[in-house]
Amino acid sequence: METVGIGVSIPRKESPDKVTGLARYNTDFTSPGLLYAWMVTSIYAHANIKSINISDAIKISGVHAVITGDSYSLLCGPVIEDRPPLAKGKVRYFGEPVAVVVADSEEKAKEAAGKIMVEYEPLPVVNSIKGAIKKGSPLVHENLAFYKQVKPNEIFFKPGTNIVQHVKIRKGDLKKGWEQSEIVVEAEFSLPQSNHIAMEPRNVRAEIKGDGQVVINTSTQAPFDVQEMLAQYFNLDATRVIVHVPLVGGGFGGKTTAQLEIIAYLASKAVNGRPVKLIESREQDMTSSPCHLGLESKVKIGASRDGKIQAAQFTFIVDVGAYVDSGSKMTRAMAADCTGPYKIDNVRCDSYSVYTNHTYVTAFRGFGRLSYVFAIERTMEKLAFALGMDPLELRLINALKPGDTTPTLVGLNYSNIGNLSECLSRLKTLINWDEGVRTETGNYKVRSKGVSCLWKTSSSPPDATSGAIITINRDGTLNLNVGAVEIGPGTKTSLAQILAERLKMDANKIHVAMEVNTGVSPNHWKTVASMTNYMVGNAVLDAAEDLIHQILKIASIVLMCPPEVLEVGGGKVYMKEEPQISIDIKEIGNGYENPNGHSIGGQIIGRGNFIMHQLLPMDHATGRGRLGPAWAVGAQAVEVEFDTRNCTYKILKAATVIDAGKVLNPKCAKGVVMGGMCMGLGYGSREQNLYAQGGKRENPQLRTYHLMRFGENPEYIVDFVETPHVIGPYGMRGIAEHGIIGIPAALANALSVAAQVELNCTPLTPEVIWRTKKGESK
Amino acid sequence: MFSLQKKEFMDLNINGEKKSVVIRSADTLLDVLRNQLGLTGAKPSCKNGDCGACTVLIDGWPVKSCLMLAVEAVGHEITSIEGLKETAMQKTFIDCFAFQCGYCTSGFIMNCHGLSRIHPGADYGIIREWLQSNLCRCTGYEEITDAIKSVLDQNAALEQ
Ligand code: FES
Ligand code: FES
């Protein structure tokens, strides 16, 4: 048996199912006696609910129940409990769930939903970040001070305002930094909310069994979190809540929070526990369920003439929408990494979350980095211009290196930061930087390039944990069971590769359970933060040690030698000195039978776990702390062809070089990075949640909310540097989100050069560029 | 009287088999395939004709099954992803890593398969025009481009 471990591009294990229509996602399942739920959602962004008349709806034959916010007294939220699962008393955003109908079929439920009469009394709307912080702004939450905080010291709000989080970074001596600065540049940036748009809309089935067991089938990235949240909110025994997750049709952070599961549970409860299916329409998925944050920011950077940055000040104001969810955590994560991957000794950052009457936000690919990186990378560009310096050179001069510290004072070494300079140097060659950043090619066309840098670590709880279980089959193949969800990147396949590498066997001989079932799968915090291969991979390696230990114990008896002289590899246990003396693992994996019939051992089960360590919550006064184990850094570039007459453009090339530590599966890794880049180009060029006056969403459909389509994608260039993270499995770093992070900034840098105007907002539509050129603000 | 709610027996010709279904005139082909015939390969994503996840072939031509009423499909040959067996397109999608989460994949494969049959010599312009009707949120489309081009090249090589 040859070793097919890490570094090999084996196709995703679930590939045959995905090309035959046999891959099953949550919406594909049904169950006996299934009922269907449909949500009535708010048509106002901010209004008092005066009455809800359900009498006509409940009369329709086939309707079993109608529930509204008045049926329950419950507030939810992972950081601060501010959100009723169904609006109660008032609605705070357009699309907020107000009532739910449960009926025999989806058609009946929809029909009845149309007959529910909600009487609203509209209230003044907070429709922008500026509107949220201006004096005398209406309050989205009057009772903010009375909400329960889930953990102490996670949130710092200003009572009587819409400001619900304030995170500070105070590093070095800012005054001294400004004194040392010969050039100071400053700019403001504005990035809108957007949507995740996983192609599988959020959906769930909930059922309460006769003995009180709650069974949730859902499309989530966080099954164990859903389990815990439901138990907590409804006072259930968590072990009596079983969450099943099959393959997930994309997540991008949007499926990390318990939302629809809570509503489906309430719906099932209202019909005596019968199974209820709740699927969001695309429009509901885009308005009712949480979306991606918006950001207004201000950046000021000072540098000495040689290009070395001396001081920087940041203000980030995050539009978290109507409820906090994980918005406050992203606000914190942005502050923690506020400088970008640059050495800056004197830093001040104030990062705020504000409530608005917009859809609330949750994690999104990059956990906030996408937005603030835009701000810092645009400012770097401005600085390069002011200094008369090559923008790429400026980044190289200031790139973080071992020995430097982060804004939260984490000391850096190659293991935890990697090698940004190497990424930049490679990028420079790959994109032919030296041929010039702006070329007029005739016919009113200009070709231009822009670069950016990125970095990201995770923001996991200090006690986040993962487990892994390995069992041996009679034919010598292995089963691997982990709590990570397969949302697309090929996680289960890479984990099999990590295990195969350790056991020196073929990853194709390792079966990985695709479904997660909280009743039998070992725990894994959440499939988020690009941390799965790191956390679960370490648990798998731990389980492999346990497995090897047991294999050697039995083999040493069979081969009559001490276990120390034995080695595992190629499906066998053999003597290191004389490999021809060996026994197949399949002979001992389920007990070994002596020729005389006496048997020893039994099924060998390897178990392993991993827990985050050395993480330190940020200090409120200075920001000092450590949010994640290591960063992955990278450099990106975009090349465009711009038409100077009408400001249209074509994206020709996009390039990314990331320090991945160790690439586990090259084609999967490249694919995930390209997917991120494509999403970043979409956000930079066209995506945004459009809120009309009054806070009504104008574009909650894929016809009006534009994504990158086939053929609009550029030529991609992806390369990896490999500076090992010493505690990552085989040196790997998480990179699944990173492809998106610097792309909108690189696009804006390229377009600013082409159009010869500062473009400090997204999406960069031709109209926005044209207006900016004419001197109109967006 | 014409009624959206009234149910009727109809025969659908699906993946080479005749299937009797009881449907309302308002039922979309997508819903009938998934809910009555258990053919869940075609995926609901926008149910508005914007994403192509629900694409099937009708007489060999790709059609968004969320936009077609099941009654309109009567008398036509319907092919869903479950009707494809070991085609070059399916194999090539695996070899090219042309999917991640896989939710858009059935739709893309049906569209690509239809294209390779109807326009075996399609140039990039035609490929682009056809595949613009499908959305993928995970990949950056490069691997899908590789897959369709590779199958068309294989076809061309076979011709010679
Ligand atoms: S579900 Fe049919 S086109 Fe989107
Ligand atoms: S593979 Fe996930 S949407 Fe295309």
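Residues numbered from 1 in each chain as written. Chains lettered and ligands numbered in written order. Predicted model: local features only at pLDDT ≥ 70, side-chain atom pairs only at ≥ 80, totals over all residues. Heavy atoms only, no water.

J.: Can you explain the packing of helix α10 (residues 369-387) of chain A against helix α18 (residues 743-755) of chain A? Please cite residues and give values.
T.: All names here are of chain A. It is the contact of α10 with α18, at a shortest axis distance of 8 Å, that shows an interaxial angle of 35°. With respect to the hand of their crossing, α10 and α18 are arranged in right-handed fashion. Contact residues: L370, V373, F374, E377, R378 and E381 in α10; P744, A745, A748, N749 and S752 in α18. (Axes fitted to C-alpha atoms, helices over the stretch in contact; angles between N-to-C directions. Helix = DSSP H or I, 4+ residues; strand = E, 2+ residues; numbered from the N terminus. Left-handed = near helix turned anticlockwise from the far one by under 90°. Contact = heavy atoms within 4.5 Å.)

J.: Could you give an account of the interface of chain B and chain A, with specific residues and numbers?
T.: Listed per partner, the contact involves 46 residues of chain B and 53 residues of chain A. Counting the surface lost from both chain B and chain A, the interface buries some 4,100 Å², and carbon and sulfur atoms represent 54% of this. Summed over the three residues of chain B that lose the most area to chain A, namely B:F97, B:Q100 and B:R137, the buried surface amounts to 22% of that side. Applying the counting criterion to the chain B and chain A interface returns 5 salt bridges. With its nearest N and O atoms 2.6 Å apart, the salt bridge here joins A:R703 to B:D50. (Buried area = accessible area lost by both parts, 1.4 Å probe. Salt bridge = Lys/Arg side-chain N within 4 Å of Asp/Glu carboxyl O.)

J.: A description of the packing of helix α2 (residues 88-95) of chain B against helix α3 (residues 105-118) of chain B should follow, citing residues and the corresponding values.
T.: Residue and element names in this part refer to chain B. As a packed pair, α2 and α3 sit with axes 9 Å apart at the nearest point and diverge in direction by 125°. The angle between the axes of α2 and α3 places the two elements in the oblique class. Crossing of α2 over α3 shows right-handed handedness. Across from M89, Q90 and F93 in α2, the residues of α3 making contact are T105, F108, I109, C112, H113 and S116. Along the lines of polarity and charge, the residues of the contact of α2 with α3 split into 5 nonpolar, 4 polar and no charged. (Parallel < 35°, antiparallel > 145°, perpendicular 65-115°, else oblique. Nonpolar A, V, L, I, M, F, W, Y, C, P; charged D, E, K, R; others polar.)

J.: Describe the pattern of salt bridges, naming the residues involved and giving the relevant values.
T.: What the rule picks out here adds up to 45 salt bridges over all chains. Here A:K59 ties to A:D56 by a salt bridge, and the two come within 3.4 Å at their closest N and O atoms. Remark: A:D56 and A:K59 occur in helix α2 (residues 55-59); sequence separation between them is 3 residues, near one turn of the helix. In this structure A:D56 comes out as partly exposed when scored by relative accessible area, which is 38%. Via salt bridges that share partners, A:D28, B:R34 and B:K43 belong to a single interconnected network. (Buried < 20%, exposed > 50% of the residue type's maximum accessible area, 1.4 Å probe, protein only.)

J.: Describe the domain arrangement of chain B, naming the residues involved and giving the relevant values.
T.: All names here are of chain B. Domain boundaries assigned for chain B yield domain 1 (8-82) and domain 2 (88-159). Relative to domain 2, the C-alpha centre of domain 1 lies at a distance of 21 Å. Between domain 1 and domain 2, the residue contacts involve 18 residues of the former and 14 residues of the latter. Contact between domain 1 and domain 2 buries roughly 1,300 Å² in total, counting both sides, with carbon and sulfur atoms accounting for 67%. The interface formed by domain 1 and domain 2 contains 0 salt bridges. Across the domain 1-domain 2 interface, the total number found is 5 residue pairs in polar contact (both at pLDDT 80 or more). For the side of domain 1 that touches domain 2, the secondary-structure elements that each account for two or more residues are β3 (55-58) and β4 (61-64). (Domains from an automatic or database assignment. Polar contact = N/O pair within 3.5 Å; in protein donor to acceptor, adjacent residues only side chain to side chain.)

J.: Hey, could you go over unusual backbone geometry for me, with residue numbers and the actual values?
T.: In this structure, A:P763 follows A:T762 across a cis peptide bond, with omega equal to -5°. Looking at the secondary structure, you find A:P763 in the loop between α18 and α19 (766-773). Positive phi, normally seen in glycine, also occurs at A:M560, with a value near 55°. Relative to the elements of secondary structure, A:M560 occurs in the loop between α15 (532-558) and β24 (566-569). A:M560 gets classed as exposed once you look at its relative accessible area, which sits at 74%. With phi around 50°, B:D59 is a residue other than glycine that occupies positive phi space.

J.: How would you explain the domain arrangement of chain A if you had to name every residue and give the values?
T.: Buried accessible area, meaning the area lost when the parts come together, often serves as the stated size of an interface. All names here are of chain A. Domain parsing of chain A yields domain 1 (15-22 + 464-611), domain 2 (31-125 + 199-250 + 255-287) and domain 3 (367-460 + 624-773). The C-alpha centroid of domain 3 is placed 38 Å from the C-alpha centroid of domain 1. With 17 residues of domain 1 at the contact, the number on the domain 3 side is 20 residues. Taken together, the two surfaces of domain 1 and domain 3 that pack against each other cover about 1,400 Å², and 68% of this comes from carbon and sulfur. When the buried surface of domain 1 facing domain 3 is broken down by residue, P489, S530 and Y534 rank first, second and third, together holding 38% of it. The interface formed by domain 1 and domain 3 includes 0 salt bridges. Where domain 1 meets domain 3, there are 6 residue pairs in polar contact (both at pLDDT 80 or more). Only α14 (491-503) and α15 provide two or more residues apiece to the side of domain 1 that touches domain 3.

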